[in-house]
Amino acid sequence: MNKLDKKTLGIGALAGLTAALLVLGASLQPSFSAVLYAASALPILLVGLGWGNMAAIAAVVTAAALGAIAISPTFALMMTLVTLLPAGWLSHLANLARPASELGGPDHLMAWYPLSDILLHLCGLVTIAVIVVGVMIGYGPELIDRLVDVLFGSLSQQQPEFKPDPAVTAQTKALVLLMLPAIQGGMWVIMLFAAYYIATRIVTASGRGLRPREDIPSALRMNRNSIFVFLIGLAATFFGGMPATIGATVVGTFGAGFLLSGFAALHFRTRGKDWRLPALILCYLASLLLMVPAFFILVLGLSDTRKAIALTPNKDADAPKQTDTKI
């Protein structure tokens with residue numbers, strides 16, 4: 001942890017101010033809200049990765065305080081749970097390291113916290129955030145019933161011949177109740193990881209990064225234990241009620257983690273192939289437009305779970321710059 005000094009706290013406070021302004025901008029611009037909310041994680045990640053935990057804590061506290069003053073304490077709490085806290089925690093995990101000898105490795109190397117475990121923490125944090133926010137806004141069947149009724153009512157006004165069948169309406173409400181938290185949680189995992197990826201590249205390029213630059217296609221995989229969490233969430237969706245909603249959230253967040261690792265594995269396996277670029281573009285476009293290609297990428301992520309630990313030399317050690325150890 002960095003020494004507590006005015007410069008570190010000032011940099012953290014400035015990052016918190018930037019994050020708060022981005023969140024406030026998102027609340028004023030609904031069309032760009034998702035992008036601005038995700039971008040608000042960048043300042044927290046940048047100071048956390050480059051200046052350490054105290055800077056990240058100062059940024060989170062500053063942004064939360066400004067959110068409480070400008071909007072409300074409830075808004076600040078939601079902002080902290082959804083964006084600020086995950087960003088600060090990810091930067092903390094990314095800076096963790098210990099001697100590789102404690103893991104059975106060489107004495108002259110340091111082992112960094114595995115990227116697979118960082119992704120696992122991200123999925124877990126977003127799951128908790130979505131559940132807590134759902135409780136705060138009263139998410140449940142009644143809210144979805146009103147939402148679907150308003151939607152169908154609007155369609156009926158635009159198309160008088162549209163008369164939804166009661167059975168179809170009930171099925172739609174049940175589907176939306178499960179899909180909404182799953183989609184929101186999954187999208188948030190992807191966007192926060194994208195912010196983490198961008199932040200690590202910026203910090204590394206600036207020379208302030210402690211963590212070595214990793215080869216994402218080979219290192220980004222989900223922890224093996226994530227499979228059990230994903231399957232438990234999937235099973236819970238069949239129980240109905242609150243367990244089903246929580247299960248759907250878990251399926252969305254951890255499914256997004258496996259989707260990310262699946263794309264990383266696809267990048268890794270197509271290296272050196274002449275058809276790599278068009279194939280990757282086709283896979284990304286197909287996954288955005290259709291569910292079936294995305295499902296196969298998800299299965300690819302589920303089939304390849306492991307840890308890749310980045311290793312770097314200790315100070316004053318004469319050793320190669322970086323190696324990867326798979327566990």
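For every chain, the first residue of its written sequence is number 1, and the numbers climb from 1 along that sequence. Local features in a predicted model are, by the rule used here, given only for residues with pLDDT of at least 70; side-chain atom pairs are given and counted only at 80 or more, and totals for whole chains, interfaces and linings are based on all residues. Only hydrogens and water are set aside; all other atoms, that is, all heavy atoms of the structure, feed into the side-chain values.

**Points about the packing of aromatic side chains**
The condition that has to hold: Side-chain rings of Phe, Tyr and Trp (the six-membered ring for Trp) are treated as a pair once their centres are within 6.5 Å; stacked means planes under 30 degrees apart, edge-to-face means over 60, and tilted covers the remaining angles. Working definition: helices are DSSP H or I runs of at least four residues, strands are E runs of at least two. Numbering for both runs from the N terminus. Relative accessibility thresholds used throughout: buried, under 20% of the residue-type maximum; exposed, over 50%; partly exposed, between the two (1.4 Å probe, protein chains only).
This structure, assessed with the given rule, holds five aromatic pairs. Consider the rings of Phe193 and Tyr196, whose centres lie 5.9 Å apart with planes at 40°: the pair is tilted. With a gap of three residues between them, Phe193 and Tyr196 both fall in helix H8 (residues 166-206), about one helical turn apart. The buried category is assigned to Phe193, whose relative accessible area is 8%. By relative accessible area, which is 3% here, Tyr196 ends up buried. Plain terms: the ring middles of Phe230 and Phe258 are 5.8 Å apart, the flat faces sit at 75° to each other, and that makes the pair edge-to-face. With Phe230 in helix H10 (residues 225-236) and Phe258 in helix H11 (residues 241-269), this pair connects stretches of sequence that are 28 residues apart. The two residues Phe230 and Phe258 agree in class, both being buried.

**Here's the deal with the layout of surface pockets**
Note the threshold: Buried and open spaces are told apart on a 1 Å grid over the protein atoms alone, a cavity being a set of points where a 1.4 Å probe fits but cannot get out and a pocket being an open set with protein on both sides within 12 Å along at least five of seven lines. Residues with an atom within 4 Å of a point are the lining residues. Grid points are joined across faces, edges and corners, and a volume is the space filled by probe spheres set on the points. As a working rule, the residues Ala, Val, Leu, Ile, Met, Phe, Trp, Tyr, Cys and Pro are called nonpolar, Asp, Glu, Lys and Arg charged, and the rest polar, with Gly in that last group.
There is about 1,100 Å³ of room inside the largest pocket. When residues of the lining of the largest pocket are traced back to their parent elements, those giving at least two are H8, H10, H11, helix H12 (276-289) and helix H13 (291-303). Tallied by class, the residues present in the lining of the largest pocket amount to 24 nonpolar, five polar and no charged. What lines the second largest pocket is a set of 29 residues, and nearest its centre among them are Val130, Val133, Gly134, Ile137 and Gln184.

**Quick look at the domain arrangement of the chain**
The test is simple: As used throughout, domain bounds are those supplied by an automatic or database domain assignment. Only heavy atoms matter for contacts: two residues are in contact if any of them lie within 4.5 Å across the pair. Accessible area, probed at 1.4 Å, shrinks when two parts are joined; the buried area is that loss added up over both. Note on definitions: salt bridges are taken to be side-chain nitrogens of Lys or Arg within 4 Å of carboxyl oxygens of Asp or Glu. Under the rule applied, a polar contact is a pair of N or O atoms within 3.5 Å (in protein, one hydrogen donor and one hydrogen acceptor; residues adjacent in sequence only if both atoms are side-chain atoms).
Splitting the chain by domain gives domain 1 (1-95) and domain 2 (119-307). Distance from the C-alpha centre of domain 1 to the C-alpha centre of domain 2: 23 Å. Each side of the interface is counted separately: domain 1 has 23 residues, and domain 2 has 22 residues. Carbon and sulfur atoms make up 82% of the surface buried where domain 1 meets domain 2, a total of about 2,100 Å² over both sides. The tally of links from domain 1 across to domain 2 stands at zero salt bridges. Where domain 1 touches domain 2, the interface holds four residue pairs in polar contact (both at pLDDT 80 or more). The set of elements that each furnish at least two residues to the side of domain 1 that touches domain 2 consists of helix H2 (33-39), helix H3 (41-51) and helix H5 (73-94). The dominant element in the side of domain 1 that touches domain 2, judged by the number of residues it contributes, is H5, at 11 residues.

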